[in-house]
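# Structure assessment
What follows is each chain in one-letter form.
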Amino acid sequence: MIDERRKNRQYELAFTDEPRGEAPATPGIRVEAVMAVNESESPAGTERLMEEICERDNLLEALERVKSNKGAPGVDGMTVNELPNYLRKNWPTIQAQLLSGSYVPKPVRRVEIPKPTGGFRMLGIPCVLDRFIQQAVLRVLQERWDPTFSEQSYGFRPGRSAHQAVSQAQQYIAEGHRYVVDFDLEKFFDRVNHDLLMGRVAKRISDKRLLRLIRSFLNAGIMDHGLFQPLQDEGVPQGGPLSPLLSNLFLDDLDRELERRGHRFVRYADDCNIYVRSERAGHRVMESIKQYLGRKLRLRINEKKSAVAPVDQRKFLGFGMALWKPSEPRRVISPESIVRFKQKVRRLTRRARGRSLDQVIEELSGYLSGWASYYGFSELPSVLRDLDSWIRHRLRCYVWSQWKTYKRRVEALVELGVERKEAVDFTWRSRRYGPWHMSLTKLLHKVFSNEFFREHGLFSLATK
């Protein structure tokens, strides 16, 4: 059934392997693959990469990925749902532009995303068509480039995750490297030098059409509140499918330099930790890395976010390390992550929302399940149990506030199985206390028990 649907999509979208003007190939007969050239010089050394990018199977997979990622429209206003119809009508022209090296992407739309620590992160959202083309390019290049990257690089790579990066850091700490050189690259995506980046791309690609296309994505510029801002020398807009791969390629030089020096390090995108045995060694490494980044990559370290410190005083990818036993560090959720978690839960359970308890639980559980899938990696389950308890208190407080009046509270308690006399006495005594105090009472704990919340679908962090 799946193969049949894919076959139908192929005919429906009319993606063709041939340039416009040639007769379409007979269904079922595939064009013979072109042999790669210059393989010894470049992992992607072939003059026909663009033809591979425009192959039907690659395009269909790229389209599925763009549709599944959803995302907001770009400067042209086209949505993900409108993209298939657009491609049916215009793909032959677009393909001809790609194969001739004349395709010109549209500027990206700038959006400001609030950071958890304050301020804003600037994202550049390409139009849907450009995202589709970038995804098709990504699928071809990532297969070739990713195996050549450092084993200590974990960000935005297939089969690698933040959890693996944290585990590797934990292993270094267990081996006795109790100090960390924690450095964050300042505005990394805004300061990637185009010439340096394209020089590294050109070492791996000999197809000039693809080189021209990647350069055009870098130079597409930004549309911000109707004003166009060119990007001629620096910057890789965050938000495009191709940006993470290009950033990993650019920072691969840093990885190789750290490997050459024999450092124990873990890098996830622009967040890098180097583990050493002493504070003195850490300061020496920090100064050396600053000089290397400035001289070779023209990058700067964010002084406010970077430091040399004992490992239990720093966080990495939302986790900290507890050193109860020197040889057995434990992963714990960082205090900053817990603060952000509670802020989100408070917003979802604020008393003036005007939604039913079941609606709040449904929305809350969606957030909790996603949060637990990441932070459940912690090795301190008592924190998750405490958070579960705190969430239930928030919900009891929410319900008590919603009932509002004396009469409504009495009737609601009776409906939940409390004897009327007990409900009247309890509600009468409660007039002197606020909702949070009442949420801690034995009666509300009995009425809104842990089992009650489980039956109503509340996700539990501790029993994920």
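Since the model is a prediction, treat every value here as computed from it, not as a measurement.

## Some details on empty space enclosed by the protein
Following the criterion strictly, the structure yields 3 cavities of 30 Å³ or more and no others. Reported here for the largest cavity is a volume of approximately 130 Å³. Lining the largest cavity we find 15 residues, and of these Val108, Gln134, Phe217, Pro237 and Ser243 sit closest to its centre. Where the lining of the largest cavity is concerned, the elements lending two or more residues are helix H5 (128-145), helix H9 (208-218) and helix H10 (243-260). Lining the second largest cavity we find 13 residues, and of these Tyr275, Val311, Arg314, Phe316 and Met321 sit closest to its centre. Put simply, the parts of the chain that give the lining of the second largest cavity at least two residues each are helix H6 (162-174), strand E7 (271-276) and strand E9 (319-325). Residues that form the lining of the second largest cavity fall into these classes: 9 nonpolar, 2 polar and 2 charged.

## Side note on unusual backbone geometry
The phi dihedral of lysine 70 falls on the positive side, at around 55°, and the residue is not glycine. In this structure, lysine 70 sits in the loop between helix H3 (56-69) and helix H4 (83-100). Although it is not a glycine, leucine 317 sits at a positive phi angle of roughly 55°. When you line up the elements, leucine 317 lands in the loop between strand E8 (307-310) and E9.

## Observations regarding helix H12 (residues 335-348)
The end-to-end C-alpha distance of H12 is 20 Å, a good match for the 20 Å that 14 residues give at a rise of 1.5 Å each. Among the residues making up H12, those that are buried are Ser337, Ile338, Phe341, Val345 and Leu348. All buried residues of H12 lie within an arc of 95° about the axis, which places them on one face of the element. The elements touched by buried residues of H12 are strand E10 (328-333), helix H13 (357-375) and helix H14 (381-403).

## Quick notes on the pairing of E9
As defined by bridge partners, E9 adjoins E10 across 5 bridges and the pair is classed as antiparallel. Residue alanine 322 lies in a different strand from E10, and its bridge partner there is arginine 330. Two successive antiparallel strands, E9 and E10, enclose a turn made up of 2 residues.

## Describing the packing of aromatic side chains
Counted by the stated rule, this structure contains 19 aromatic pairs. Where phenylalanine 188 meets phenylalanine 189, the ring centres are 5.1 Å apart and the plane angle is 70°; that geometry is what we call edge-to-face. Each member of the pair, phenylalanine 188 as well as phenylalanine 189, carries the same accessibility label: buried. Grouping aromatic residues by their ring pairs yields a cluster made of Phe319, Phe341, Tyr367, Trp371, Tyr374, Tyr375 and Phe377. Sitting above the plane of the tyrosine 367 ring, lysine 344 keeps its charged end 5.8 Å from the centroid.

## A closer look at the side chain of arginine 331
If you trace the backbone, arginine 331 turns up in strand E10. At a separation of 3.0 Å, a polar atom in the side chain of arginine 331 contacts the main-chain carbonyl oxygen of phenylalanine 377. Ignoring sequence-local partners within four residues, the contact set of arginine 331 consists of Val166, Ser167, Gln170, Gly320, Met321, Phe377, Ser378, Glu379 and Leu380.

## Focus: the pattern of salt bridges
This structure, assessed with the given rule, holds 27 salt bridges. The partner of arginine 209 in a salt bridge is aspartate 207, with the nearest N and O atoms 2.9 Å apart. Neither arginine 209 nor aspartate 207 differs from the other in exposure class; each is buried. The salt bridge partner of arginine 261 is glutamate 257, with a shortest N-O separation of 2.8 Å. Residue classification places arginine 261 among the partly exposed positions, given a relative accessible area of 29%.

## Points about the environment of phenylalanine 316
The topology assignment puts phenylalanine 316 in the loop between E8 and E9. Since its relative accessible area comes to 5%, phenylalanine 316 is described here as buried. C-alpha of phenylalanine 316 to C-alpha of asparagine 273: the two residues are 43 residues apart in sequence and 7.9 Å apart in space.

## Let's talk about the side chain of serine 439
Mapping serine 439 onto the fold places it in the loop between helix H17 (435-438) and helix H18 (442-447). Only 2.6 Å separates the side chain of serine 439 from the backbone oxygen of tryptophan 436, close enough to count as a polar contact. Those residues in contact with serine 439, other than ones at most four positions away along the chain, are His393, Arg396, Cys397, Leu444 and His445.

## A short note on the nonpolar core
One recurring pattern in soluble globular proteins is that nonpolar side chains are buried together. Counting 71 residues, the largest nonpolar core has Phe132, Ile133, Phe183, Val201, Leu210, Ile274 and Leu293 as the members making the most contacts within it. Per-element accounting of this core gives the leading share, 10 residues, to H5. Those residues within four positions of isoleucine 274 in sequence are excluded, and the remaining contacts are Tyr179, Val180, Val181, Phe183, Leu258, His263, Arg264, Phe265, Val285 and Ile289. Residues Ala169, Tyr172, Ile333 and Phe448 belong to the second largest nonpolar core, which totals 53 residues.

## Looking at the sheet that holds E7
Spatial ordering of the open sheet is given by E6-E7-E3-E8, a layout of 4 strands whose pairing is antiparallel. Each of the sheet's edge strands pairs with one partner strand only, and the pair in question is strand E6 (264-268) and E8. Taken over all neighbouring pairs, the strand axes of this sheet differ in orientation by 20° on average, direction set aside. The pairing of E6 with E7 spans 5 bridges and is antiparallel. Opposite arginine 264, over in E7, you have tyrosine 275 as the bridge partner. Relative to E6, H10 is tilted by about 170°, and along the sheet it contacts strand E3 (179-184), E6 and E7. Most of the contacts of helix H11 (residues 279-297) go to E3, to which it runs at about 25°, and overall it touches E3, E7 and E8.

## A look at the packing of H5 against H10
Following both chains from N to C, one finds H5 and H10 inclined at 35°, their axes separated by 9 Å at the closest point. Every residue of H10 that contacts H5 at Gln134, Leu138, Leu141, Gln142 and Trp145 is listed here: Ser243, Leu245, Leu246 and Leu249. In terms of residue class, the contact of H5 with H10 is made up of 6 nonpolar, 3 polar and no charged.

The rules we used
- Residues numbered from 1 in each chain as written.
- Predicted model: local features only at pLDDT ≥ 70, side-chain atom pairs only at ≥ 80, totals over all residues.
- Heavy atoms only, no water.
- 1 Å grid on protein atoms, 1.4 Å probe; cavity = no way out; pocket = protein on both sides within 12 Å on 5 of 7 lines; lining within 4 Å.
- Points joined across faces, edges and corners; volume = space filled by probe spheres on them.
- Helix = DSSP H or I, 4+ residues; strand = E, 2+ residues; numbered from the N terminus.
- Nonpolar A, V, L, I, M, F, W, Y, C, P; charged D, E, K, R; others polar.
- Expected span 1.5 Å × (residues − 1).
- Buried < 20%, exposed > 50% of the residue type's maximum accessible area, 1.4 Å probe, protein only.
- Arc of directions from axis to C-beta.
- Contact = heavy atoms within 4.5 Å.
- Pairing = 2+ DSSP bridges.
- Phe/Tyr/Trp six-rings, centres within 6.5 Å; stacked < 30°, edge-to-face > 60°.
- Lys NZ or Arg CZ within 6 Å of the ring centre and 35° of its normal.
- Polar contact = N/O pair within 3.5 Å; in protein donor to acceptor, adjacent residues only side chain to side chain.
- Salt bridge = Lys/Arg side-chain N within 4 Å of Asp/Glu carboxyl O.
- Core = buried A, V, L, I, M, F, W, Y, C linked by side-chain atoms within 4.5 Å.
- Axes fitted to C-alpha atoms, helices over the stretch in contact; angles between N-to-C directions.

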